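# Residue-level structure breakdown
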Amino acid sequence: MGNIKFVKENKEIIAADGANLRQKALENGIDIYKLWGKMMNCGGYGQCGTCIVEIIEGRENLSPPTQAENRFLKKKPANYRLACQTVVNGPVSVVTKPE
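Residues numbered from 1 in each chain as written. Predicted model: local features only at pLDDT ≥ 70, side-chain atom pairs only at ≥ 80, totals over all residues. Heavy atoms only, no water.

On to the sheet that holds strand E1 (residues 2-6). Pairing is mixed in the open sheet, where 5 strands are placed in the order E2-E1-E7-E4-E5. The open sheet is flanked by strand E2 (11-15) and strand E5 (80-82), the only strands paired with a single partner. When strand polarity is set aside, the average angle formed by the axes of neighbouring strands in this sheet is 35°. Bridge count for strand E4 (residues 52-57) against E5 is 3 bridges, and the pairing is antiparallel. (Pairing = 2+ DSSP bridges. Helix = DSSP H or I, 4+ residues; strand = E, 2+ residues; numbered from the N terminus. Axes fitted to C-alpha atoms, helices over the stretch in contact; angles between N-to-C directions.)

What follows is the structure in structure tokens.
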């Protein structure tokens with residue numbers, strides 16, 4: 001089990017190992033999309049790059065970055081991930097909609 005702490009929202013949720021970060025956020029009312037992403041997201045298939053989150057703590061508890069992430073995030077900091085492509089396997093702290 002791993003807790004996912006959403007820093008901006010000051011909310012912590014419990015997730016089973018192997019949970020998808022995007023799904024857990026949406027299930028718990030956490031808005032991960034900026035305006036463009038709300039209108040044009042791909043539904044979690046790693047094709048639009050609009051569900052970017054910043055991992056503050058617990059990067060070692062996440063799945064390795066996928067090819068989709070490598071493509072969309074190549075010019076972003078190393079601690080940025082696509083929520084739809086990220087599997088949680090332990091405690092993690094996340095900042096939604098990073099600048």
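Here Asn-10, not a glycine, exhibits a phi torsion of approximately 50°, which is positive. Tracing the sequence through the fold places Asn-10 in the loop between E1 and E2. At Lys-97, a residue that is not glycine, the phi angle is positive and equals roughly 50°. Mapping Lys-97 onto the fold places it in the segment after strand E7 (92-96). By relative accessible area, Lys-97 is classed as partly exposed at 24%. (Buried < 20%, exposed > 50% of the residue type's maximum accessible area, 1.4 Å probe, protein only.)

Inspection of every chain in the model, using the stated rule, returns 4 salt bridges. The partner of Asp-31 in a salt bridge is Lys-38, and the shortest N-O contact between them spans 2.9 Å. Taking the relative accessible area as the measure of exposure, Lys-38 reaches 48% and is therefore partly exposed. Two residues, Arg-81 and Glu-69, come together in a salt bridge whose shortest N-O distance is 2.6 Å. One end of the pair, Arg-81, is in strand E5; the other, Glu-69, is in helix H3 (residues 67-72), with 12 residues separating them in the sequence. Look at the salt bridges and you will find they share partners, linking Asp-31, Lys-38 and Lys-97 into a network. (Salt bridge = Lys/Arg side-chain N within 4 Å of Asp/Glu carboxyl O.)

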